[in-house]
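# A look at the structure
What follows is each chain in one-letter form.
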Amino acid sequence: MARSKDNLIVGLTTFNHEFLKISVSGLGRVGKNVTLIIYNDNPCRKLTYRALRRMGFHGRVHVINGNENLGQFGARMSIIEYVQKNNLDSPWFMFANDDDIVLNTSVPNIDENNYAVMGNAVVIAKRVLDVLRVMENPNDYTIDGADTHLIAPHIAMSGTFIRMAYLREFVEFMSKITSQISDIILELPFAVPVDLFMWHMFVEYMRVTHPQMSPIYMNQTNYLMTKLNNTRYPTPDQCNGIVGRTVSIVSAALRGNE
């Protein structure tokens, strides 16, 4: 398979394909230097390249139609495994969700000791009209602190530029403890905060294995999130508990390798 020559790979997971009209059309406007990899986690509905072209993305794209429902965590792991298997070559990677919009795909010049670049995220929390506006023009929003607010910095995997070399390392390491993480996910009675705990697990991995390196924050808005459904989200205390449990698994596994 031909190797990607783009500067950034965006890994996007989906189950409800209708949401792709938000994310894929948004990338079609800004993704000039992007290879898009979509993991379709809905085994009952095949996702086609033609459908993505109709949504406005005309860049390099790979579609992985899964044979079973893995959930967001498993789907993200599968995307990086696909990158490794097919030897796709890009220095940077970014995760995205199917109901969100990537606003910026230009990776800033940073020091080699920075393994990730965090930015800001805009959240549209209530009004459908605001979502329709950003679907038409991703820059057509106003931060009002109520229906639309800014997260600065956005501490998550989605919307963050990550050096591909270290993400590959991390996923290879994670293959040893995936079953333990999956056990935690299966018992949760609310939406799993995958973005949050994956980020903290990655930071812990890098802290131990590459202590000379660190992430960097830049005050630029890279990502827009929509939160319009009635999904039950965890409280901050519940999120902290999940992060603590998953990070402790990473720490224990790394100690076992010493």
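Below, the structure is looked at part by part. (Residues numbered from 1 in each chain as written. Predicted model: local features only at pLDDT ≥ 70, side-chain atom pairs only at ≥ 80, totals over all residues. Heavy atoms only, no water.)

## Topic: the nonpolar core
Across soluble globular proteins, nonpolar side chains show a tendency to be buried alongside one another. If you look at the biggest cluster of nonpolar residues, it comprises 46 residues, and the most contacted ones within it are Phe73, Met157, Met174, Phe197, Met201 and Phe202. Put simply, the parts of the chain that give this core at least two residues each are strand E2 (34–40), helix H3 (71–85), strand E4 (92–97), strand E6 (114–124), helix H5 (164–174), helix H6 (178–186), helix H7 (194–209) and helix H8 (236–256). In terms of residues, this core owes the most to one element, H7, which gives eight residues. Those residues in contact with phenylalanine 73, other than ones at most four positions away along the chain, are Met174, Thr178, Ile181, Ile185, Val194, Phe197, Met198 and Met201. The next biggest cluster of nonpolar side chains, apart from the first, holds 27 residues, and it includes Val34, Ile38, Met55 and Ile110. (Core = buried A, V, L, I, M, F, W, Y, C linked by side-chain atoms within 4.5 Å. Buried < 20%, exposed > 50% of the residue type's maximum accessible area, 1.4 Å probe, protein only. Helix = DSSP H or I, 4+ residues; strand = E, 2+ residues; numbered from the N terminus. Contact = heavy atoms within 4.5 Å.)

## Re the layout of surface pockets
Estimated volume of the largest pocket: approximately 1,500 Å³. Contributing elements (two or more residues each) for the lining of the largest pocket: strand E1 (8–14), H3, strand E7 (148–151), H6, H7, strand E9 (214–226) and H8. Broken down by element, the residue count for the lining of the largest pocket peaks at five residues, all from H3. Partitioning the lining of the largest pocket into residue classes produces 22 nonpolar, 18 polar and six charged. (1 Å grid on protein atoms, 1.4 Å probe; cavity = no way out; pocket = protein on both sides within 12 Å on 5 of 7 lines; lining within 4 Å. Points joined across faces, edges and corners; volume = space filled by probe spheres on them. Nonpolar A, V, L, I, M, F, W, Y, C, P; charged D, E, K, R; others polar.)

## Considerations on the packing of H6 against H8
Orientation of H6 relative to H8, taken along the N-to-C sense of each, is 170°, at an axis distance of 10 Å. Accordingly, the angle class assigned to the pair H6 and H8 is roughly antiparallel. Listed contacts from H8 to Gln180, Ile181 and Ile184 of H6 are Arg245, Thr246 and Ile249. (Axes fitted to C-alpha atoms, helices over the stretch in contact; angles between N-to-C directions. Parallel < 35°, antiparallel > 145°, perpendicular 65-115°, else oblique.)

## Brief notes about the pairing of strand E3 (residues 60–65)
Regular strands have side chains that alternate between both faces of the sheet. Where E2 meets E3, six bridges bridge the pair, whose relative direction is parallel. Paired with isoleucine 38 across the two strands is valine 63, which belongs to E3. Read as a crossover between parallel neighbours, the route from E2 over helix H2 (residues 49–54) to E3 is right-handed. (Pairing = 2+ DSSP bridges. Right-handed = clockwise from strand over helix to strand, strands pointing away.)

## Some words on the pairing of E9
Where strand E5 (residues 100–102) and E9 come together, three bridges link them in antiparallel fashion. Counterpart to aspartate 100 in the pairing with E9 is methionine 225. Here nine bridges tie E6 to E9, and the two strands are oriented parallel to one another. Looking across to E9, one finds that alanine 116 is bridged to proline 215.

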